[in-house]
Amino acid sequence: MITLIAITALGVFCLIAEIFNLRKALVPVTVLGLLGVLGSTLHLYSFGELSSNYDNMIVADKFATAFSSLFILLTIFLVIMSHDVYKEHQTKISDFIAIKVFLLAGAIAMVSFTNLSMFFLGIETLSISLYVLAGSSRLSIKSNEAGMKYFLLGSFASGIILFGICLIYGAIGSFDIAEISNRSLSAELPIWFPIGVVLVVIGMFFKIAAVPFHFWAPDVYEGAPSLVTATMSTLAKVVAFATLYKLVVALNLNLSFDNQDLLTSFQLIVIIISIASMTVGNIMALRQNNVKRMLAFSGISHAGFMLMALLGMADSSTSILYYATAYALAGMAAFSVIIYITKDKDNEDIINFNGLGKTNPILAAVLTAALLSMAGIPIFAGFLAKFMLFTQAIKAGFLVVVIAGVVNSIISVGYYFKLILAMYTKEPTEEKRPTPIVYYIVGITSIIINLIIGLYPSLVTNLLR
């Protein structure tokens, strides 16, 4: 709760800073504020000062604290890059940064809720922030289109989630997760309870862009400003999946109301969606020449990989946290390069990256490392993240999903290496130009952390034990 209050106060400060013309100090003050909040969160975690709940609305347990720390770190990277991205929009920089901070507040509420009303409040805070940011480039038709598509489809998904929550409340008579979890094991619940659960899960499948609810992602990722795409691809996606996992556990979907038939049905649905997401995402990514669309389909495939964690009967929170951390850090590193390269371009085609290994070898190395991590190549964290999911799925008896995952990992190498080869084998399309230090800071730091947790996974895996 302290973390959420501090972040909300920081967002209010960003808005007030505009009144006193503190635009130049806004980014460093926000970064320092977020670092302070991160330090405070980790301090409470390290000393075990975790509260059970706050008036049955928010819980500050290990799961919420670990994921909140990851979200804060990702937001720090996004704010750092805002310094260069918005340097020509100084009159609006306070608005953009404040929205990102409020988005973070929604993200933390989504992984900390113990009440479905708090869950919905968090998801709407995050979603509305993304709707605004997606269409924030007013003079760009693509940005306007992306904002409208995301708003309309996201609103439908939110409506489905809200209707599902209403049905759950109608069956249980409470929004409290603990009570819902206990009552859901009863065989006497009305039929609209499982219907409500299904609607909530479908809405969350849309938020993580899993097949067949993925159709919005490529267009929105391509049309939105690159920094917003980075936000959706990293922060928003891992928030949505962490929340989906928490809902699955809270609603006892991993037990399926103690009914073996329902358990088998849920597992079958997850298997189909997981394999479909991996396959469709990777095959479509192979056909893309636009880097942002390619990473959009790559994100869909990674959603399929993360869904494998829902198949394990044992606690999967550790593997989800590790995969989310590895994926988000690699994505942040990749977008730090993409934002710089495509900043003054009309498109994000691969041709813009031709010869980057010659004109800027450091950023080329950062992007290469990020793509190798996403592909699951050792020694990066992405390899161990997939290995943990595969091991867990095999132990649970889902060998077919693991086979599909291995095949799709091999397929993904094709489009990742298409970009890597363009950087190192093609001639540069433009001369070397100055590179703002913020992109080096974000890209190098993200990759170093990715490498460290790849070599020492216990730094992450022990957080939830």
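Structure's up top.
Let me sum up the structure you'll find in this document. Note that this is a predicted model, so its numbers are computed, not measured.

## Concerning the overall build of the protein
Turning to step 1, where the next piece is worked out: Assigned secondary structure in the protein consists of 19 helices and zero strands.
Turning to step 2, where the next piece is worked out: Here the C-alpha atoms of the protein give a radius of gyration of 21 Å, agreeing with the 23 Å that 2.2 N^0.38 yields for 465 residues.
Turning to step 3, where the next piece is worked out: Its C-alpha atoms give the protein principal-axis dimensions of about 70 × 55 × 45 Å.
Turning to step 4, where the next piece is worked out: A separation of at least 24 residues holds for 79% of the contacts in the protein among residues at least 6 apart in sequence.
Turning to step 5, where the next piece is worked out: Surface summary for the protein: the accessible area is close to 18000 Å², and the carbon and sulfur share equals 69%.
Turning to step 6, where the next piece is worked out: The protein carries 26 positive and 24 negative side-chain charges, and their two centres are separated by 8 Å.

## Some words on helix H6 (residues 141-172)
Turning to step 1, where the next piece is worked out: Compared with the 46 Å implied by 1.5 Å per residue over 32 residues, the 46 Å span of H6 between its first and last C-alpha is a close match.
Turning to step 2, where the next piece is worked out: A positive phi of about 85° marks Gly-173, the residue just after H6.

## Digging into unusual backbone geometry
Note: most residues except glycine have negative phi, and most peptide bonds are trans.
Turning to step 1, where the next piece is worked out: For the bond running from Val-211 to Pro-212, omega is 5°, close enough to zero to count as cis.
Turning to step 2, where the next piece is worked out: Here Pro-212 is to be found in the loop between helix H8 (192-207) and helix H9 (217-223).
Turning to step 3, where the next piece is worked out: Positive phi, close to 60°, is recorded for Ala-209, a residue that is not glycine.
Turning to step 4, where the next piece is worked out: Assignment of secondary structure puts Ala-209 in the loop between H8 and H9.

## With respect to the packing of helix H15 (residues 361-375) against helix H18 (residues 437-455)
Turning to step 1, where the next piece is worked out: Close contact between H15 and H18 brings their axes to 10 Å; oriented N to C, the two are set at 40°. Judged by the sense of rotation from one axis to the other, the crossing of H15 with H18 is left-handed. Counting all contacts with H15, which are made through Ile-362, Leu-363, Val-366, Ala-369, Ala-370 and Ser-373, the residues of H18 involved are Tyr-439, Tyr-440, Gly-443, Ile-444, Ile-447 and Asn-450.
Turning to step 2, where the next piece is worked out: Residue composition of the contact of H15 with H18, by class: nine nonpolar, three polar and no charged.

## Focus on the nonpolar core
Turning to step 1, where the next piece is worked out: By size, the foremost hydrophobic cluster in this structure holds 172 residues, and its most contacted members are Phe-71, Leu-244 and Leu-307.
Turning to step 2, where the next piece is worked out: Ranked by the residues each element gives to this core, the list is headed by helix H13 (residues 317-342), at 19 residues.
Turning to step 3, where the next piece is worked out: Excluding its chain neighbours within four sequence positions, the residues that come into contact with Phe-71 are Leu-104, Ala-107, Ile-108, Val-111, Leu-235, Val-238 and Val-239.

## What to know about the pattern of salt bridges
Two side chains carrying opposite charge are able to pair once their charged atoms lie near each other.
Turning to step 1, where the next piece is worked out: Tallied over the entire structure, the rule returns eight salt bridges.
Turning to step 2, where the next piece is worked out: Of the charged contacts in the structure, one is a salt bridge between Lys-142 and Glu-222, with a shortest N-O distance of 3.5 Å. Here Lys-142 is found in helix H6, whereas its partner Glu-222 is found in helix H9, with 80 residues between them in sequence.
Turning to step 3, where the next piece is worked out: We classify Lys-142 as partly exposed; its relative accessible area is 41%.
Turning to step 4, where the next piece is worked out: One salt bridge connects Lys-149 with Asp-219, and the closest N-O pair in it is separated by 2.8 Å. With Lys-149 in helix H6 and Asp-219 in helix H9, this residue pair connects regions lying 70 residues apart in the sequence.
Turning to step 5, where the next piece is worked out: Within this structure, Lys-142, Glu-145, Lys-149, Asp-219, Glu-222 and Arg-293 form a network of salt bridges that share partners.

## Examining a nonpolar patch on the surface
Turning to step 1, where the next piece is worked out: A cluster of nonpolar side chains, contributed by Ile-362, Ile-379, Ile-444, Ile-448, Ile-452, Leu-455, Tyr-456 and Leu-459, occupies part of the molecular surface with about 750 Å² of accessible area.
Turning to step 2, where the next piece is worked out: Top element by residues in the nonpolar patch is H18. It accounts for four residues.
Turning to step 3, where the next piece is worked out: Its location among the elements puts Leu-459 in helix H19 (residues 458-461).

## Focus: the environment of Val-12
Turning to step 1, where the next piece is worked out: For Val-12, the position within the fold is in helix H1 (residues 2-19).
Turning to step 2, where the next piece is worked out: Sequence separation between Val-12 and Phe-77 is 65 residues; the distance between their C-alpha atoms is 20 Å.

## Some words on the packing of aromatic side chains
Turning to step 1, where the next piece is worked out: Counted by the stated rule, this structure contains 16 aromatic pairs.
Turning to step 2, where the next piece is worked out: Here Tyr-86 and Phe-96 contribute two aromatic rings whose centre-to-centre distance is 4.3 Å and whose plane-to-plane angle is 15°, an arrangement assigned as stacked. Taken together, the positions of Tyr-86 in the loop between helix H3 (62-85) and helix H4 (93-112) and Phe-96 in helix H4 put the pair ten residues apart, joining distant regions of the chain.
Turning to step 3, where the next piece is worked out: When the ring of Phe-305 is compared with that of Phe-390, the centres are 6.3 Å apart and the planes differ by 50°; the resulting orientation is tilted. Of this pair, Phe-305 sits in helix H12 (residues 291-307) while Phe-390 is found in helix H16 (residues 381-395), placing the two residues 85 residues apart along the sequence. A single burial state applies to Phe-305 and to Phe-390, both of which are buried.
Turning to step 4, where the next piece is worked out: Within the aromatic cluster, the residues linked to one another by ring pairs are Tyr-131, Tyr-150, Phe-151, Phe-206, Trp-216 and Tyr-221.
Turning to step 5, where the next piece is worked out: One Lys or Arg, Lys-386, reaches over the ring of Phe-305 and ends 4.5 Å from the middle of that ring.

## Structural notes on the side chain of Gln-392
Turning to step 1, where the next piece is worked out: Mapped onto the elements, Gln-392 comes out in helix H16.
Turning to step 2, where the next piece is worked out: There is a polar contact of 2.9 Å between the side chain of Gln-392 and the side chain of Ser-316.

## Thoughts on the environment of Thr-445
Turning to step 1, where the next piece is worked out: Among the secondary structure elements, Thr-445 is positioned in helix H18.
Turning to step 2, where the next piece is worked out: Residue Thr-445 is classed as partly exposed on the basis of its relative accessible area, which comes to 30%.
Turning to step 3, where the next piece is worked out: Not counting residues within four places of it along the chain, the set of residues in contact with Thr-445 comprises Phe-77 and Tyr-440.

## Comments concerning helix H17 (residues 399-425)
Turning to step 1, where the next piece is worked out: The end-to-end C-alpha separation of H17 is 38 Å, in line with the 39 Å expected for 27 residues at 1.5 Å each.
Turning to step 2, where the next piece is worked out: The largest bend along H17 measures about 30° and falls at Tyr-416.

## Observations concerning the packing of H3 against H4
Turning to step 1, where the next piece is worked out: One can describe the packing of H3 onto H4 by two numbers: an axis separation of 9 Å at closest approach and a directional angle of 165°. Here H3 is positioned roughly antiparallel relative to H4, judged by the angle of their axes. Along this stretch, H3 crosses H4, giving a crossing that reads as right-handed. From H3, Phe-63, Ala-64, Phe-67, Ser-68, Phe-71, Ile-72, Thr-75, Leu-78, Val-79 and Ser-82 reach across to H4, where they touch Ile-93, Ile-97, Lys-100, Leu-104, Ala-107, Ile-108, Val-111 and Ser-112.
Turning to step 2, where the next piece is worked out: Looking at side-chain class alone, the contact of H3 with H4 contains 13 nonpolar, four polar and one charged residues.

Parameters at a glance
Residues numbered from 1 in each chain as written. Predicted model: local features only at pLDDT ≥ 70, side-chain atom pairs only at ≥ 80, totals over all residues. Heavy atoms only, no water. Helix = DSSP H or I, 4+ residues; strand = E, 2+ residues; numbered from the N terminus. Rg over C-alpha atoms; globule rule 2.2 N^0.38 Å. Contact = heavy atoms within 4.5 Å. Areas by Shrake-Rupley, 256 points an atom, 1.4 Å probe, with all protein chains shown as cover. Lys, Arg positive; Asp, Glu negative; His and termini not counted. Charge placed at Lys NZ, Arg CZ, Asp CG, Glu CD. Expected span 1.5 Å × (residues − 1). Axes fitted to C-alpha atoms, helices over the stretch in contact; angles between N-to-C directions. Left-handed = near helix turned anticlockwise from the far one by under 90°. Nonpolar A, V, L, I, M, F, W, Y, C, P; charged D, E, K, R; others polar. Core = buried A, V, L, I, M, F, W, Y, C linked by side-chain atoms within 4.5 Å. Buried < 20%, exposed > 50% of the residue type's maximum accessible area, 1.4 Å probe, protein only. Salt bridge = Lys/Arg side-chain N within 4 Å of Asp/Glu carboxyl O. Patch = residues over 30% accessible without salt bridge, like charges linked within 9 Å, V, L, I, M, F, W, Y side chains within 5 Å. Phe/Tyr/Trp six-rings, centres within 6.5 Å; stacked < 30°, edge-to-face > 60°. Lys NZ or Arg CZ within 6 Å of the ring centre and 35° of its normal. Polar contact = N/O pair within 3.5 Å; in protein donor to acceptor, adjacent residues only side chain to side chain. Bend = angle between axes of the 7 residues up to and from the residue. Parallel < 35°, antiparallel > 145°, perpendicular 65-115°, else oblique.

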